[in-house]
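Descriptive structure summary
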Amino acid sequence: MATRESLPLNSFKLNNDDRVSPFKVAVLVFVREYCTARLAQLGMSPHSHYNSIPPFSPQQCKDFCLLSLELIQCYDVTWEDFEIILEPGHYNLNATIVSEFTQSLHQIVKDGASGLLDLGESLEKLLMEPAKGKPMIRRDSVLGIFIRKMVLQLDRMTFEGTVELSNNLTTYLDKSKQSDDPLELVQVSRKQAELLVSQQLTMLQRNESLAHSPVNLQKIIDRILHENKDFAEANFLAHLNEMRCQDFGQAEKRLHQSYDQGTISVEGLIHSKLEENLMNNKTFRHASLNMAFLHASFGHHELAVTALCETVALSGEAADHICLQESLAWFCHLEENPEMRLKMMERLVTKSSESNLHYLASLGLAMWTQDCALTGVVPTRIFEYLHTNDVANCQHSLTDMTLTCLALRAAIWNFYGYPRNALQVSQLLLTLHTGDPTKGNIYYNNEHMHMAICNIALHLSRQGRYADAESITKFAAGQYAFQQHSQMWKMTDLHVTFYRTLWLGQWDKAELIVSQLAVFDRAESQAKKAHLMLCKGDTCQGKSVLNALEEKLSNIKESSNHRMPNPGWKMGQNLRLQVQCLMLRAVLLSARQNFVEALLQISQASDICTKHHMSLQLALVGMQSAEIQLLMNFTANALDLVRKHLNIIYTHGSLFEQGAATYLLARCLLAESGTKKCDPGELKSKKAEIFPLLTRAKRIFNQIEAFHYVKDVVFMEALLYNHLGYEKERNTRAMLFKQLDELYPLKTSNNIQIFIGL
Amino acid sequence: MAVVLDEFNFETLVIAQDLLNAGEECTLRGLNYTAKWLAELDFAVSKKLDPDVADSLEYQQPKRKGRARYILAKKYFDVKEYSRCAHYTQECTDPVSLFLHYYSRYMAGEKTIVEDESDKSSETKLAHLKLLHHDLGRLRNTSRWDGYLCYLYGLVLRKMDLPHSLQVLQDSVNLNPLNWAAWLELANLIKNSEMLSQLKLPDCWMKFLFMGHILGDLHLDEAALNLYEKLHQGVFEHSLYIKSQIAKIYYSLRDGIQAATKFSEIREEDPYCLDAMDVYSNVLYVQINQPELAQLAHQAFAVDKYRVETCCIVGNYYGLRGQHEKAVLYLQRALKLNPHYSYAWTIMGHENIEMKNSNAAIACYRKATEMNMRDFRAWYGLGQAYEILKMPLYSLYYYRMAQSLKPDDSRMLVALGDAYDKLDRLHDAKKCYWKAHCVGDLECIALLRLAKTYDKLKETDHAAAAYCDYLRDSEKQGSGEGDEHHGQAYLYLASYYLSKGPQFLDLAREYAQKCVEYPTTLADGKALLREVVQRCQEENSRDQSSIFSSRQPLRRVGGEDSLNLVFTP
């Protein structure tokens, strides 16, 4: 955020925009050749070798005009590239013109200084009126202005300058100089360096994967800085690059360097008068703001706040509203007290929209929306905010914020338990047309995109399409390997793999994954570890892990995990983990036959879910409650609960959740049939009704490769067939169970289903 | 200490012979500045020798082919027709002409760069270096490779900022330890004492001079001074170079008087010497010795007004007179003469600070740090500039840099402490002030700040003890400026003892009476005094019987107590 508009300004600008470079000489010669030929065709010049060629077609004239416009505007290209441009295929040009052009260019090189001086003279003639009709090039046309500027420069040049230009032209045209010297690789003039730096800056902001890799970029910057020592922007780029590598010391050094240089022109210090150097202190405010950004992104909370206070003091003195609002945005980001945050954001949004700072207003609104959603504001209101924000973003063409808002919308849908809607929004985000043709057509490919991709991968895994999900994760890995948010895909991957190994009953492997996850997110890994322990039936260790997790969750400061930018499905992670922790605690207690306490935990969990409108999570808590009540033989209650929540799970739940719910329903029905007193025939038919449910559960579990659960279902089928007296079916099921057990042997003493999964 | 040096045991005669040989060889090769430096040393060393012995030394010139061609080329070189010289030495194979060829090519390139600095694109600036890099690289593993060529190669590499320049220069001094220019280039690349300790250096007397130079550069002043003193007492007794180095180190150790004496000795001996006189002008500036500085400026101007040192001296003189615009003008001239002169950049930064132009000051200081990253004054200046701009967090970084370059300088530590203080990191500030006090605080300011910090942290006992020590130390040093602070210290102590309890009332009265002596604390002192008297009366009325028996010993206890207070953080 702070990278916007806060580049070290006024890094001294050499007034070399209009300097005649070898490339420009080539362009001039090219224009001259075309004009001479054209004049010859019009019969106004007795030039001999052009008289023979046929008149140019309208297409050729048009192409020449387009090409010359392009050449005037672009930065200096090497001679090789120039020749490639002139090759047939790109532009429709007359071959004679091209060959004449190269010949006369080489002639100029041969003639040395006099060739250049002659060139100036001949160009001036083109602007003057010939004997009859209009001049070849109008003085006030684009080309005319360009030529006049260049001629003026050529006129002004001292003899040394001309000689030097001629020498430079020689090296420019010299193809043999290409060597394998590493120094030659990046040969950039000041202006090219400026272009390169600004391009890289845009790419870092929008689409990091297009930018050079950190190592290469550093090499290029070193090269540029070697030749232009006072190039503040290059140092700033280096600063951002170091931030990519998470190297605080170097990043700090570069930041200082860039702003020290950005303040003033050093050349001016020696040569010019001092008054010109007195300027306002805008750069310092940005310097301070960037310092805050640096500390904030390395988690130095207090230092970041100190830096922000400095910024506020400086900008307050200078009445710089923009800087003040930017600082306020950062304060919102850093504030830990939720109520304070909301107050600050309100102020940020109103103030920014008053002073027409649309980006900040939009950002503030997004943060506000997120905070509101997490504090349990009614969903309708949340979507209203999102809508307002979308409209504002469209009005002011804030592509960046549009992406943020879409990502936020997806995260909110996920949070409320509507992953399908989240998927839809993520796809919308990915297909959005974000390239701006006026700015190099660089498509956005930032953290939000990454989030959307992870969302899709997660969704596919939830549907049991592991192979597809894997290929998507692989894609993300390729795209975001070196970026600051690269942990996102890794975490998604680990998240999925954990449950897969868990369902296969590979405890050791699952434990390994838990420890890998701990690197990225301690709380998440602890929750998973507790889950694993309970699955294993190790209630003792499970309890200690749960205790640790509870302590951690109570210590996490409210705001720390809903800061911008929000990592996708991690929005509301704290709440989700709290609910999961309560559910696991309930399972633990029921395993120790302490059902009353367990149900207390469950009701706490469902309270949290209701308060925050987390519908899918609520359904899962309900299922867990039903599971426990079934254990307590409260069959009717359990059945009611299952039926109540089944719909939402079937519509939005993952395959695992659907399978577990179906299996639970089957067990409830079975238990219910046992309680009612009716004749054996009716009982039998009732029990037979359960088979389709079991088959469905089995199919689902098979699909998601949860063979551990398939075994349970098959076992139950066998029991039921035995009970009903179908021996043949019973035997096939028994055999199937035996086979599965040999393939996936498992030792566990846990018989309570846990409703936490992908 | 990174490098331990063994005893300096080289014979004077050997050194003199070495100097003679090296001087002649450098002259042959056109390394004039090195030759000059060697000649100066030679002159100093020969004074130690018996005149007959000194005269009997001579340089054995090796026989070689193409004498006439060489002499022609050398003459061209001497009159600065470098390209012509290079042309005539193109085909030569003997080491001297070979070196002359490459060196003249290098000089030709440098000459054009200097002549039209701003006109050139960066590409052409490097062109001649690239060619030299290429050609010398090819020559490197042949039999014609020698120490001088190696030095030139290292120089080219350093100019191109290539990493292996360190290795090449190290090879060069090993191949030919008598080439002082190579040592100097090598010194430019050493960033810290660790790098220094990893160097493999030849066992030659020249190493000692190098060590002195580099130790001084790395601000390891004590070690450098030791070494130089030893050299000065021995062979190099008459060397002005050693003397000026010693003076520089005294300046760095903030011993202005010693530095000034040394410099004036040098001036007496060699009134036309301008080397290191810019440092002398700094010393005089710090001492506020305007007449001497004026004289120095005058004389320097007479000797050569287009020397960077002269411009710097004049700049300093104007700076001392408070005419900062003129000072800047002369410093600009110095920088036009040599844009790589970091000293002038630093002083220009100081002048800009004086003129309240922080932006320009920052740019100047930054430039100075780029020229010489060990220039702690520039880092300190950057910190100051940002402090003026009210950006303490920024200045903290620079003060830290300055402090790490000069860890034993109390000024840096106090500045660092002030920055922490402004950022409300009082515990860090406390540590800085304490360290500043421990390393020897000439201005006596650290204790005062320390006391104030303790006061802010509500550690009143420590604060009082620090104030006591401050008063004791500053009285010992007899600094007259601290009057205002003294008053405050007394005031604090008085109110501290007043709050301590009845048995300290006498001390409180004593300090309150001192307060009254200072104009700034007069009113507060009187009020305190009145309160003390009132308390005393209350005490008297309460406990009249035992007043005489108890007061005396208690007072003694109180006095002791104030000395026993420990305020180690």
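Since the model is a prediction, treat every value here as computed from it, not as a measurement. (Residues numbered from 1 in each chain as written. Chains lettered and ligands numbered in written order. Predicted model: local features only at pLDDT ≥ 70, side-chain atom pairs only at ≥ 80, totals over all residues. Heavy atoms only, no water.)

For the rest of this paragraph, the subject is the overall build of chain B. Each helix and strand in chain B was counted, giving 31 helices and zero strands. Once the C-alpha set of chain B is aligned to its principal axes, its extents read approximately 115 × 55 × 45 Å. Evaluated residue by residue, chain B yields a buried proportion of 51% over its 569 residues. The contacts in chain B between residues at least 6 apart in sequence include a share of 58% that link residues at least 24 apart. Element-wise, carbon and sulfur atoms account for 50% of the exposed surface of chain B, whose accessible area totals about 26,600 Å². Computing the positive centroid from 68 side-chain charges and the negative centroid from 77, chain B places the two 5 Å apart. (Helix = DSSP H or I, 4+ residues; strand = E, 2+ residues; numbered from the N terminus. Buried < 20%, exposed > 50% of the residue type's maximum accessible area, 1.4 Å probe, protein only. Contact = heavy atoms within 4.5 Å. Areas by Shrake-Rupley, 256 points an atom, 1.4 Å probe, with all protein chains shown as cover. Lys, Arg positive; Asp, Glu negative; His and termini not counted. Charge placed at Lys NZ, Arg CZ, Asp CG, Glu CD.)

What follows deals with the overall build of chain A. Each helix and strand counted, chain A has 34 helices and zero strands in total. Out of the 758 residues belonging to chain A, those deemed buried represent 54%. Taking the intrachain contacts of chain A between residues at least 6 apart in sequence as the baseline, contacts between residues at least 24 apart amount to 69%.

What follows covers the pattern of salt bridges. This structure, assessed with the given rule, holds 54 salt bridges over all chains. Of the charged contacts, one joins Arg500(A) and Glu470(A) as a salt bridge, the two residues approaching to 3.5 Å between their closest N and O atoms. With a gap of 30 residues between them, Arg500(A) in helix H23 (residues 487-504) and Glu470(A) in helix H22 (residues 466-479) connect regions that are remote in the sequence. Residue classification places Arg500(A) among the partly exposed positions, given a relative accessible area of 21%. One salt-bridge network, in which partners are shared between bridges, spans Lys36(B), Asp275(B), Arg307(B) and Glu309(B). (Salt bridge = Lys/Arg side-chain N within 4 Å of Asp/Glu carboxyl O.)

Soluble globular proteins tend to pack their nonpolar side chains together in the buried interior. Membership of the largest hydrophobic core comes to 260 residues, with the highest contact counts inside it found for Ile412(A), Trp503(A), Phe701(A), Tyr386(B) and Tyr394(B). For this core, the element with the most residues is helix H19 (residues 399-416) of chain A, which contributes 12 residues. Those residues in contact with Phe701(A) that lie beyond four places of it in its chain are Phe656(A), Gly659(A), Ala660(A), Tyr663(A), Ala706(A), Tyr709(A), Val710(A) and Val713(A). Counting 108 residues, the second largest nonpolar core, distinct from the first, contains Tyr153(B), Leu162(B), Val314(B) and Ala327(B). (Core = buried A, V, L, I, M, F, W, Y, C linked by side-chain atoms within 4.5 Å.)

For any pair of aromatic rings, geometry is given as the distance between the ring centres together with the angle between the planes. Applying the stated criterion across every chain yields a total of 53 aromatic pairs over all chains. For the ring pair Tyr386(B) and Tyr394(B), a centre distance of 5.0 Å and an interplane angle of 35° mean the geometry is tilted. For the residue pair Tyr386(B) and Tyr394(B), the accessibility class agrees, reading buried in each case. Taken together, the ring pairs in this structure connect Phe23(A), Phe30(A), Tyr34(A), Phe56(A), Phe64(A), Trp79(A), Phe82(A), Phe101(A) and Tyr172(A) into an aromatic cluster. Arg667(A) extends its terminal NZ or CZ atom over the ring of Tyr663(A), reaching a point 4.5 Å from the ring centre. Directly above the aromatic system of Tyr650(A) lies the positively charged group of Arg696(A), at a separation of 4.3 Å from the ring centroid. (Phe/Tyr/Trp six-rings, centres within 6.5 Å; stacked < 30°, edge-to-face > 60°. Lys NZ or Arg CZ within 6 Å of the ring centre and 35° of its normal.)

Next up on the list: the UniProt feature "repeat: TPR" (unreviewed entry) in chain B. As annotated in UniProt, the feature "repeat: TPR" (unreviewed entry) corresponds to residues 308-341 of chain B in the numbering used here. Between the first and last C-alpha atoms of residues 308-341 of chain B the distance is 8 Å; the span itself is 82% helix and 0% strand. (UniProt positions renumbered as here; feature names shortened; annotations may be inferred.)

This part is about a negative patch on the surface. A cluster of acidic residues, Asp111(A), Asp118(A), Glu121(A), Glu124(A) and Asp155(A), forms a negative patch on the protein surface. With respect to the helices and strands, the residue Glu121(A) is situated in helix H5 (residues 113-127). (Patch = residues over 30% accessible without salt bridge, like charges linked within 9 Å, V, L, I, M, F, W, Y side chains within 5 Å.)

Turning our eyes to something else, we now look at the side chain of Ser327(A). Looking at the element boundaries, Ser327(A) is found in helix H15 (residues 321-334). Those residues in contact with Ser327(A), other than ones at most four positions away along the chain, are Leu289(A), Leu308(A), Thr311(A) and Val312(A).

What follows concerns the side chain of Ser525(A). As for its position among the elements, Ser525(A) is in helix H25 (residues 522-536). With sequence-adjacent residues up to four places away left out, Ser525(A) is seen in contact with Val514(A), Leu517(A) and Ala518(A).

So, on to the packing of helix H17 (residues 290-303) of chain B against helix H18 (residues 308-321) of chain B. Residue and element names in this part refer to chain B. The interhelical angle for the contact between H17 and H18, taken along N-to-C directions, is 150°, at an axis separation of 9 Å. Between H17 and H18, the angle falls in the class roughly antiparallel. Both H17 and H18 take part in a crossing whose hand is left-handed. On the side of H17, the interface is formed by Gln290, Leu293, Ala294, Leu296, Ala297, Ala300 and Phe301, while H18 contributes Thr310, Ile313, Val314, Asn316, Tyr317, Leu320 and Arg321. Along the lines of polarity and charge, the residues of the contact of H17 with H18 split into 10 nonpolar, three polar and one charged. (Axes fitted to C-alpha atoms, helices over the stretch in contact; angles between N-to-C directions. Parallel < 35°, antiparallel > 145°, perpendicular 65-115°, else oblique. Left-handed = near helix turned anticlockwise from the far one by under 90°. Nonpolar A, V, L, I, M, F, W, Y, C, P; charged D, E, K, R; others polar.)

Looking now at helix H24 (residues 507-520) of chain A. Here H24(A) is 14 residues long and its end C-alpha atoms lie 21 Å apart, about the 20 Å a rise of 1.5 Å per residue gives. Buried positions along H24(A) lie against H23, H25 and helix H33 (707-724) of chain A. (Expected span 1.5 Å × (residues − 1).)

What follows deals with the packing of helix H20 (residues 419-431) of chain A against helix H21 (residues 447-462) of chain A. All names here are of chain A. Packing of H20 against H21 brings their axes to within 9 Å, and their N-to-C directions diverge by 140°. The pairing of H20 with H21 is recorded here as oblique in orientation. In terms of crossing hand, the pair formed by H20 and H21 is left-handed. Along its contact with H20, which presents Pro419, Arg420, Leu423, Ser426, Gln427, Leu429 and Leu430, the element H21 presents His448, Met449, Ala452, Ile453, Asn455, Ile456, His459 and Arg462.

Here Glu705(A), not a glycine, exhibits a phi torsion of approximately 60°, which is positive. Assignment of secondary structure puts Glu705(A) in the loop between helix H32 (680-703) and H33. When its relative accessible area of 29% is taken as the criterion, Glu705(A) is described as partly exposed. The phi dihedral of Lys458(B) falls on the positive side, at around 65°, and the residue is not glycine. Relative to the helices and strands, Lys458(B) is located in the loop between helix H26 (445-456) and helix H27 (460-477). You can call Lys458(B) exposed: its relative accessible area is 67%.

Our next topic: the environment of Ala464(B). Residue and element names in this part refer to chain B. For Ala464, the position within the fold is in helix H27. The spacing of Ala464 and Asp409 is 55 residues in sequence and 25 Å in space, taken between C-alpha atoms. When residues no more than four places from it in sequence are discounted, the contact partners of Ala464 are Tyr492, Leu493 and Tyr496.

Before going further, it helps to spend a moment on the confidence of the model for chain A. Mean pLDDT over chain A works out to 83, with 89% of the residues at or above the 70 mark. Here residues 558-567 of chain A is modelled with pLDDT under 50, and outside its nearest four sequence neighbours on either side it reaches 28 contacts, counting other chains as well. (pLDDT = per-residue confidence, 0-100.)

Turning to the confidence of the model for chain B, a few remarks are in order. All names here are of chain B. In the predicted model, chain B carries a mean pLDDT of 83, and 91% of its residues have values of at least 70. Averaged pLDDT values over the elements of chain B bottom out at 43 in helix H31 (residues 547-564) and peak at 92 in H18. Note that residues 549-569 has pLDDT below 50 and, in this model, 28 contacts with residues that lie over four places away or in other chains. Across the interfaces of the predicted complex, the ipTM metric reaches 0.76, alongside a pTM of 0.77.

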